[in-house]
Amino acid sequence: MSLVSLDKVHKYYGDNHVLKGVDLKIEAGEVVSIIGRSGSGKSTLLRCMNGLEQYQKGGVIVDNQSVEDDEYKLRLLSRSVGMVFQSFNLFPHMTVGQNVMLATKLVLKKSPSESKKLAEELLEKVGLSDKFSAYPGNLSGGQQQRVAIARSLAMSPKVLLCDEITSALDPELVGEVLKVLEQLKAEGMTLILVTHEMNFARDVGDRVVFMNQGKVWETGASDEIFANPQTEELKSFLAAVR
Amino acid sequence: MSYQLDFPSLVPFLPQFAAGLWTTIELTVISTLGGLLLGTVCAQGRISKDTWLRTICSCYVEVIRNTPFIVQLFFIFFGLPALGFKLSAWEAGVIAMVINLGAYSTEIIRAGIDAAPKGQWEAGQTLGLTRRQVFWHIILPPAYQRVYPAIASQCIIVMLGSSVVSQISVEELTFSANFIQSRTFLSFESYIVAALVYLLLAILMRQAFALVKRCTFKNPSL
Ligand SMILES: Nc1ncnc2c1ncn2[C@@H]1O[C@H](COP(=O)(O)OP(=O)(O)OP(=O)(O)O)[C@@H](O)[C@H]1O
Ligand SMILES: [Mg+2]
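Every value quoted in this text rests on a predicted model; they were computed, and no experiment measured them. Residue indices follow the written sequence of each chain, beginning from 1 at its first position. Labels follow written order: the first chain is A, the first ligand is 1, and so on. Since the coordinates come from a predicted model, pLDDT governs what is reported: local features require at least 70, and pairs of side-chain atoms require 80 or more to be given and counted, while whole-chain, interface and lining totals use all residues. The basis for every side-chain value is the complete set of non-hydrogen atoms in the structure, without hydrogens or water.

Trainee: For this particular structure, what's the right way to read the site of ligand 1?
Mentor: Residues and elements named next belong to chain A. We call a residue near a given molecule or strand whenever any one of its heavy atoms falls within 4 Å of it. If you check the shell around ligand 1, you find Tyr-13, Asn-16, Val-18, Arg-37, Ser-38, Gly-39, Ser-40, Gly-41, Lys-42, Ser-43, Thr-44 and Glu-164 and nothing else. Residues adjacent in sequence count toward polar contacts only when both atoms are side-chain atoms; beyond that, a polar contact is any pair of N or O atoms within 3.5 Å, and within protein one must be able to donate a hydrogen and the other to accept it. Contact distances for ligand 1 include 2.6 Å between an oxygen atom and a side-chain N or O atom of Ser-38. With respect to ligand 1, the side chain of Lys-42 contributes an N or O atom lying 2.7 Å from an oxygen atom. The method behind every accessible area is Shrake-Rupley, applied with a 1.4 Å probe, and residues are considered shielded solely by the protein chains displayed. Protein burial of ligand 1: of its 630 Å² of free accessible surface, 59% is covered by the chains. Put simply, DSSP H or I for four residues or longer makes a helix, DSSP E for two residues or longer makes a strand, and each gets a number counted from the N terminus. Within the residue set of the shell around ligand 1, elements represented by two or more residues are β2 (16-26) and α1 (42-49).

Encoded structure:
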């Protein structure tokens, strides 16, 4: 059974038919990049995988749980699925350490000392052990995004969804965030990334999913897709972003 | 025509002033705490998914914000006993002030909540928190921080508004001034003293709010 499996998913915003029958299977340990033009439904697709958006037809199954519009089920699902956002969404009134520990305390009910130990380990991992007591507002964008990754990892998710997590960063800060993703890949984490970083998608990603007109237009191994795109749409997209 | 101010004659009445001041402080502290708590709970009610709860909370807010405080006070003091609730003047005064601040602070706090980026809710949700946990741990503290100056001003308005409860014979500062001027006929002097004490109280409250702010919100401003 695939870790993530979408079966003919349809999604409408009012009259706007955004996802038009998306089929997609992602195995544990895969690093999948989702690319496509603005408005092609990449974010929507990602958000249907963890219940932030509801879909109207088809089925989404993640870690053997059906993703439905049910608060309780979505809460259970959130232990399997982490998400990192373009705009970081750190909690501004909490220190970095408190950001990372919040869910382990409230949701996993770990003791304060256990939570603290875990938070320190995770911050160490993303290279921010010295920022435990800093506030997000005093960190650079790259540092904030690494905190956000550590915060997601605290729930030990099976898959991490990343929606353009480097798009809000100054170019010189992109590298430090991508390095963390590479490290996660090396540890076997399943990553699903909506990204504009074509180099990263080609060099680090296993597979590329090209979204167009609300469908999975083309998909394949990263090197194949970039070296040898099959459809005209993908060719012109790749030509445009290069 | 000249008027000779005579403050020394008020000196024997200092204990009355002090007692009135103490009652005013009591009313203010209790109604500030109670009113903000009520306002916070109703603000949560106003963004609830439950239509009934939302409607009840907004009716409460609209009724209180669109009627005079003194009418609310009379309603509670004279109206409720008719329905079988026996209340002392002091109790009625506190309840009226709590309900009044509750309504105004609901709107203020809700403005702070509305200003929370959608991503804050989503981040909490994807971490597995319940809606209530997201509200209390993630949304509310920055909301308070955003609207803190408005909350502070509203609490001071409520402190000044406490003078109205002298109308149902709660023996607070204005009541004391009334009493003293009726005994001494030094009305000008009595109300000068009362006004200065209110002014001082308001200044002290601003200082207290600034102190609480410094101790509570340690993060860089939002
Ligand atoms: N909350 C919403 N309400 C209504 N329409 C929406 C909403 N979110 C997205 N849409 C619409 O759905 C379509 C797909 O949007 P989506 O955000 O998934 O695209 P995207 O591929 O992520 O684009 P981008 O690269 O700009 O992020 C767009 O037409 C967008 O206008
Ligand atoms: Mg998007």
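Next comes the rest of the account.
Trainee: Which parts of the structure should I look at to understand helix α5 (residues 118-126) of chain B?
Mentor: Since there are 3.6 residues in each turn of an α-helix, residues three or four apart along the chain are aligned in direction. With seven of nine residues buried, α5(B) is to be regarded as a mostly interior element. Working definition: with a 1.4 Å probe on protein chains only, accessible area under 20% of the residue-type maximum means buried, over 50% means exposed, and in between means partly exposed. Residues of α5(B) that are buried include every one of Gly119(B), Gln120(B), Trp121(B), Glu122(B), Ala123(B), Gly124(B) and Thr126(B), and no others. In what follows, a contact means two residues having at least one pair of non-hydrogen atoms within 4.5 Å. Residues of α5(B) that are buried sit in contact with α1, β6 (81-84) and α5 (141-153) of chain A together with α6 (131-161) of chain B. Gly128(B) sits one or two residues past α5(B) and shows a positive phi near 95°.

Trainee: Just to check I follow, could you spell out the environment of Ile95(B) for this structure?
Mentor: Residue and element names in this part refer to chain B. Inspection of the secondary structure puts Ile-95 in helix α4 (residues 89-114). Judged by its relative accessible area of 30%, Ile-95 is partly exposed. Setting aside its immediate chain neighbours within four residues, Ile-95 contacts Ile-76 and Leu-87.

Trainee: How do you make sense of the nonpolar core when you look at a structure like this?
Mentor: Put simply, buried Ala, Val, Leu, Ile, Met, Phe, Trp, Tyr and Cys residues joined by side-chain atoms within 4.5 Å make one nonpolar core. By size, the foremost hydrophobic cluster in this structure holds 93 residues, and its most contacted members are Leu6(A), Leu45(A), Met49(A), Ile192(A), Ile113(B) and Leu129(B). Counting residues per element, this core draws most heavily on α6(B), which supplies 14 residues. Excluding anything up to four places from it in sequence, Ile192(A) contacts Val4(A), Ile26(A), Val32(A), Ile34(A), Leu46(A), Met49(A), Val159(A), Leu160(A), Leu161(A) and Cys162(A). If you look at the next biggest cluster of nonpolar residues, it comprises 37 residues, including Ala134(A), Ala148(A), Val177(A) and Leu191(A).

Trainee: When you look at the sheet that holds strand β1 (residues 4-13) of chain A in this model, what are you seeing that I'm missing?
Mentor: Residues and elements named next belong to chain A. Two strands qualify as a pair provided DSSP detects at least 2 bridges between them. Read from one edge of the open sheet, four strands run β2-β1-β4-β5, paired in antiparallel fashion. Of all the strands in the sheet, just β2 and β5 (65-66) have a single pairing partner and so form its edges. The pairing of strand β4 (residues 57-62) with β5 spans two bridges and is antiparallel. For Ile-61, the partnering residue across the bridge sits in β5 and is Ser-66. Only the stretch in contact is used when a helix axis is fitted, and all axes are lines through C-alpha atoms; the angle between N-to-C directions ranges over 0 to 180 degrees. In this fold α1 packs onto β1, β2 and β4, with an angle of close to 60° to the strand it touches most, β2.

Trainee: Would you mind going over the sheet that holds β6(A) with me for this structure?
Mentor: By way of backbone hydrogen bonds, the strands of a sheet pair with one another, either parallel or antiparallel. Residues and elements named next belong to chain A. Pairing in this open sheet of six strands is mixed, and the strands run β6-β7-β8-β3-β9-β10 from one edge to the other. Unpaired on one side and paired on the other, β6 and β10 (215-221) mark the two borders of the sheet. Neighbour-to-neighbour, the strand axes of this sheet turn through a mean angle of 20°, independent of strand direction. Where strand β7 (residues 159-163) lies against strand β8 (residues 190-194), five bridges are found, and the strand directions are parallel. Along β8, the bridge assignment pairs Val-159 with Thr-190.

Trainee: It is not clear to me how the confidence of the model for chain B should be interpreted in this structure. Could you clarify?
Mentor: Interpretation of this model should avoid reading the predicted coordinates in detail wherever pLDDT is low. In predicted models, pLDDT denotes the confidence assigned by the predictor to each residue on a 0 to 100 scale. Residues of chain B with pLDDT of at least 70 account for 100%, and the chain-wide mean is 95. Taken over the whole predicted complex, pTM reads 0.92, whereas the ipTM for its chain interfaces reads 0.94.

Trainee: Sorry, what's going on with the pairing of β10(A) here?
Mentor: Working note: regular strand, side chains alternate between the two faces of the sheet. Residue and element names in this part refer to chain A. Across six bridges, the pairing between strand β9 (residues 207-212) and β10 is antiparallel. Counterpart to Val-208 in the pairing with β10 is Gly-220. Where β9 folds back on β10, the antiparallel hairpin that results is connected by two residues, among which Gln-213 adopts a positive phi of roughly 50°.

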